[in-house]
Amino acid sequence: MALEIAVKAAAGAPNVLGDCPFCQRVLLTLEEKKIPYSTHLINLSDKPQWFLEVNPDGKVPVVKFDGKWVSDSDVIVGILEEKYPQPSLVTPPESASVGSKIFGAFVTFLKSKDPNDGSEQALLAQLKDLDEHLKNNGPFVAGENVTAVDLSLAPKLYHLIIALDHFKNWTIPQDLAHVHNYTKLLFSRESFEKTKAAKEYVIAGWAPKVNA
């Protein structure tokens, strides 16, 4: 039986998959594990009544397990690994937090109006750390195979690349070759192609936060 998952619909296009990296992380996990699922697209500016009844917080993603809707991508991914252990996507503990500060550093730099506040340098430092790790352990974070940490990082790096190029005309430096290779490998996976939001919806999703 297919699992039910509720994810963000695109802004202004309620029938199109939206730009939530946490939703994509769960969708990637479902795809990589070949778990059948059916998707509910949720318009976050006009949430349907049924959705609010089963999920009063109104957050996405949520997945229905054994008749109960569960939120939080960390929790959902953990349950999926437990219930569907093959293929394993478990990240070895020593690699589990690799790249975990990149998304926060990206958001700070994206919203920054002051070129001297150090936010660009902070993001670069995080990306350099990732590059160094991949150089020694790659091509993926835990070696030859994709694991949960990659499926968490991939959507965040996708947002970073699109949003910083659009809003700041900024790209990841070419000398971070291992990061470039990593994103190329992840973005070309069938699971990623099937679950990514279109570029214009990623830009539309970040625009209100950049202009705030």
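Residues numbered from 1 in each chain as written. Predicted model: local features only at pLDDT ≥ 70, side-chain atom pairs only at ≥ 80, totals over all residues. Heavy atoms only, no water.

Looking at unusual backbone geometry
Part 1: Along the chain, Val 60 connects to Pro 61 via a cis peptide bond; the corresponding omega equals 0 degrees.
Part 2: Within the secondary structure layout, Pro 61 lies in the loop between helix 2 (49-54) and strand 4 (62-65).
Part 3: With an omega dihedral of -15 degrees, the bond running from Gln 86 to Pro 87 counts as a cis peptide bond.
Part 4: Structurally, the position occupied by Pro 87 is in the loop between helix 3 (73-83) and helix 4 (102-111).
Part 5: The residue Asp 66 is not glycine, and still its phi comes out positive at about 50 degrees.
Part 6: Residue position: Asp 66 is located in the loop between strand 4 and strand 5 (68-71).
Part 7: The phi angle at Asn 169 is positive, at roughly 55 degrees, despite the residue not being glycine.
Part 8: You can see Asn 169 is positioned in the loop between helix 6 (148-168) and helix 7 (177-187).
Part 9: The exposed category is assigned to Asn 169, whose relative accessible area is 68%. (Helix = DSSP H or I, 4+ residues; strand = E, 2+ residues; numbered from the N terminus. Buried < 20%, exposed > 50% of the residue type's maximum accessible area, 1.4 Å probe, protein only.)

Focus on the UniProt feature "domain: GST N-terminal" (unreviewed entry) in the protein chain
Part 1: UniProt marks residues 10-88 with the feature "domain: GST N-terminal" (unreviewed entry), using the numbering shown here.
Part 2: Helix makes up 37% of residues 10-88 and strand 25%, whereas the separation of the span's terminal C-alpha atoms amounts to 31 Å. (UniProt positions renumbered as here; feature names shortened; annotations may be inferred.)

Some words on the packing of helix 5 (residues 119-137) against helix 6
Part 1: Two elements in contact, helix 5 and helix 6, have axes separated by 14 Å at closest approach and are oriented at 135 degrees. Comparing their axes, helix 6 and helix 5 come out oblique. Regarding helix 5 and helix 6, the two cross each other, and that crossing is left-handed. Between helix 5 and helix 6, the residues in contact are Leu 123, Leu 127 and Leu 130 and Leu 153, Leu 157, Leu 160 and Leu 164, respectively.
Part 2: Considering only residue class, the contact of helix 5 with helix 6 consists of 7 nonpolar, no polar and no charged. (Axes fitted to C-alpha atoms, helices over the stretch in contact; angles between N-to-C directions. Parallel < 35°, antiparallel > 145°, perpendicular 65-115°, else oblique. Left-handed = near helix turned anticlockwise from the far one by under 90°. Contact = heavy atoms within 4.5 Å. Nonpolar A, V, L, I, M, F, W, Y, C, P; charged D, E, K, R; others polar.)

Structural notes on the pairing of strand 4
Part 1: Of the strand pairs in this sheet, strand 1 (residues 3-10) and strand 4 are connected by 3 bridges, and their pairing is antiparallel. In the strand pairing of strand 4, Glu 4 is matched with Lys 64.
Part 2: Pairing analysis gives 4 bridges linking strand 4 to strand 5, with the strands arranged antiparallel. For Phe 65, the partnering residue across the bridge sits in strand 5 and is Lys 68.
Part 3: The hairpin formed by strand 4 and strand 5 contains 2 residues between the paired strands, and Asp 66 there has a positive phi angle of roughly 50 degrees. (Pairing = 2+ DSSP bridges.)

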